[in-house]
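# Observations on chain architecture
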Amino acid sequence: MTRAESVSPELVEAVRVRLARAGVEPSAAHVAVALRAENAVLGDAEVLSVARALCADLIGAGPLEPLLAQPDVTDVLVNGPHAVWIDDGCGLRRTSVTFPDDEAVRRLAQRLAATAGRRLDDASPFVDARLAGGVRLHAILPPLVPGGACLSLRLPPRRAFTLSDLVSAGTIPASAIVVLTGLITARLAFLVTGGTGTGKTTLLSALLSLADPGERLLLVEDSAELRPAHPHVVRLESRPANVEGVGGVSLRDLVRQALRMRPDRLVVGEVRGQEVTDLLQALNTGHEGGCGTLHANAAADVIPRLEALACAAGLSREAVHSQVAAALDVVIHLVRDHGTGRRRIAEISLLHRTPSGLVTVAPAITFPLNEPPTPGPALPTLATHLPGISP
């Protein structure tokens, strides 16, 4: 254990109080001065080492800072003071990082929430917020979680991935590039679906990067996670209500605003509420090429999921199917393999309206694990929409 790691919580608190009384920001230099005043026996190298640790505790993410700095980490999960997990693309794994006690986790959670302008205490024991840099924070305190305060940090993509990058990572097979590229060129409306952490946002960003540079992309999100490599991107982000319960701006509000901003492509980063009705209506009224992501366990579950969201917003089941049939063309479904944790595309499906008026999902191409792609019954129909694709 280094000297920095052995700093007592009492010393951290003493430095924090000293800086507050001095009215200075907790920069490395100011922390070093305050630390030297509290404990003059430390050498220069030790003071600087401890100062860095204290800066992380005072203005950063404390013991989590090294984890957040790792380039492949997408999630950092804290289940109490002695159980810190990360996901770096190979599934969840436990780290050696620990906190001194549950109070240290609680302090970090409260400080991170405060930086986002949110309240986290016994009266408001959970928070969902966006931190600087696009990191998504969720925290929940005891007694709602008896084992100790829990933190969940979701990091945005560090860079924009191309389809070639995703081929190299094993997310998509090389044979799928021509189909995926064709979806964008033909301006088909589509949804990228899958469970949590399957890579939906990463794939959607890569696909949007293929859009014509002359197009204007309107991205509507809860937090800025989509990062397409495109010259004309306008981002709209929702805003939660404040502690008084006012001032909130929903995704549905933003979808309506986006329609007045001359979008060539309307993109909803994650469809999960009443905004689904506005998105479907937009795609039915000349806004071709729109897309978004949707949580679903399988491609076949997309229609029931859309039904549940749209019916909750006031549409009848028949109206939902009519809107979906006219608005959406394709579903791209992703999965995450058990054991390896690898994210990969599992199926490209076509939405098809049956004589009964209901919409079903018909597989066009499936991608079995470690096997060649398999043509599905909807491939001939899909091929008629895509240039250069033969059934």
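Residues numbered from 1 in each chain as written. Predicted model: local features only at pLDDT ≥ 70, side-chain atom pairs only at ≥ 80, totals over all residues. Heavy atoms only, no water.

## Some details on the nonpolar core
As a reminder of what qualifies: Only buried Ala, Val, Leu, Ile, Met, Phe, Trp, Tyr and Cys residues count toward a nonpolar core, and they belong to the same one when joined by side-chain atoms within 4.5 Å. Partly exposed residues are those whose accessible area sits between 20% and 50% of the maximum for their type, while under 20% is buried and over 50% is exposed, using a 1.4 Å probe and protein chains only. Residue contacts are defined here by distance: any two heavy atoms, one from each residue, within 4.5 Å place the two residues in contact.
Leu180, Phe190, Leu203, Val330, Ile332 and Leu382 are the most contacted members of the largest nonpolar core, which totals 36 residues. If near-sequence neighbours (up to four positions away) are discounted, leucine 203 is found in contact with Leu163, Leu166, Ile172, Leu180, Val192, Ile332 and Leu334. If you look at the next biggest cluster of nonpolar residues, it comprises 34 residues, including Leu218, Leu294, Ala296 and Leu306.

## As for the pattern of salt bridges
To keep it simple, the criterion reads: Salt bridges are defined by distance alone: a side-chain nitrogen of Lys or Arg within 4 Å of a carboxyl oxygen of Asp or Glu.
All chains considered together, the criterion is met by 20 salt bridges. Of the charged contacts in the structure, one is a salt bridge between arginine 272 and glutamate 270, with a shortest N-O distance of 3.8 Å. Residue class for arginine 272 comes out partly exposed when judged on its relative accessible area of 38%. Exposure remark for glutamate 270: the relative accessible area of 18% places this residue in the buried category. Two residues, arginine 342 and aspartate 337, come together in a salt bridge whose shortest N-O distance is 3.7 Å. Taking the relative accessible area as the measure of exposure, aspartate 337 reaches 13% and is therefore buried. The structure contains a network of salt bridges with shared partners spanning Arg187, Glu215, Arg265 and Glu288.

## Things to note about the side chain of arginine 265
Stated formally: Put simply, DSSP marks the helices as runs of H or I at least four residues long and the strands as runs of E at least two long, and each gets a number from the N terminus on. Two N or O atoms form a polar contact when they lie within 3.5 Å of each other; inside protein one atom must be a possible hydrogen donor and the other a possible acceptor, and for residues adjacent in sequence the pair counts only when both atoms belong to side chains.
Along the chain, arginine 265 falls in strand S10 (residues 265-268). Within the structure, the side chain of arginine 265 is placed 2.6 Å from the side chain of glutamate 215, a separation counted as a polar contact. Ignoring sequence-local partners within four residues, the contact set of arginine 265 consists of Ile184, Arg187, Ala211, Glu215, Arg216, Leu217, Leu218, Glu288 and Gly289.

## Notes on the sheet that holds strand S14 (residues 359-366)
Defined as follows: Whether two strands pair comes down to DSSP finding at least two bridges between them. Each axis is a line fitted through C-alpha atoms, taken for helices only over the stretch in contact, and angles between the N-to-C directions span 0 to 180 degrees.
Read across the sheet, nine strands follow the order S9-S8-S10-S11-S7-S12-S13-S14-S15 without closing on themselves; strand pairing throughout is mixed. Two strands close off the open sheet at either side, each with one partner strand: strand S9 (233-237) and strand S15 (374-375). Across five bridges, the pairing between strand S7 (residues 190-194) and strand S11 (residues 291-295) is parallel. Among the inter-strand pairings, leucine 191 is bridged to a residue of S11, identified as glycine 292. Helix H9 (residues 251-258) contacts strand S8 (217-221), S9 and S10 of the sheet and is inclined by roughly 170 degrees relative to S8.

## Focus: the packing of H9 against helix H10 (residues 275-283)
As a reminder, the rule being used: Angles below 35 degrees are treated as roughly parallel, those above 145 as roughly antiparallel, those between 65 and 115 as roughly perpendicular, and all remaining angles as oblique. In this scheme, a crossing is called left-handed if the near helix is turned counterclockwise away from the far one by less than a right angle; it is called right-handed if the turn is clockwise. Ten residues, namely Ala, Val, Leu, Ile, Met, Phe, Trp, Tyr, Cys and Pro, are considered nonpolar, four, namely Asp, Glu, Lys and Arg, are considered charged, and the remaining ones, Gly among them, are considered polar.
One way to put it is that H9 packs onto H10 with a least axis distance of 8 Å and a crossing angle of 20 degrees. On the basis of the axis angle, H9 is roughly parallel to H10. Considering only the axes of H9 and H10, their crossing is left-handed. On H10, the residues touching Leu251, Arg252, Val255 and Arg256 of H9 are Glu275, Thr277, Asp278 and Leu279. Looking at the contact of H9 with H10 residue by residue, the class counts come to three nonpolar, one polar and four charged.

## A look at the pairing of strand S13 (residues 343-353)
Most of S13 is tucked away, with nine of its eleven residues classed as buried. Counting the residues in the hairpin turn of strand S12 (residues 330-336) and S13 gives six residues, including glycine 339, whose phi is positive at 95 degrees. Remark: five residues form the turn of the hairpin made by S13 and S14, two consecutive strands paired antiparallel; glycine 357 in that turn has positive phi of roughly 95 degrees.

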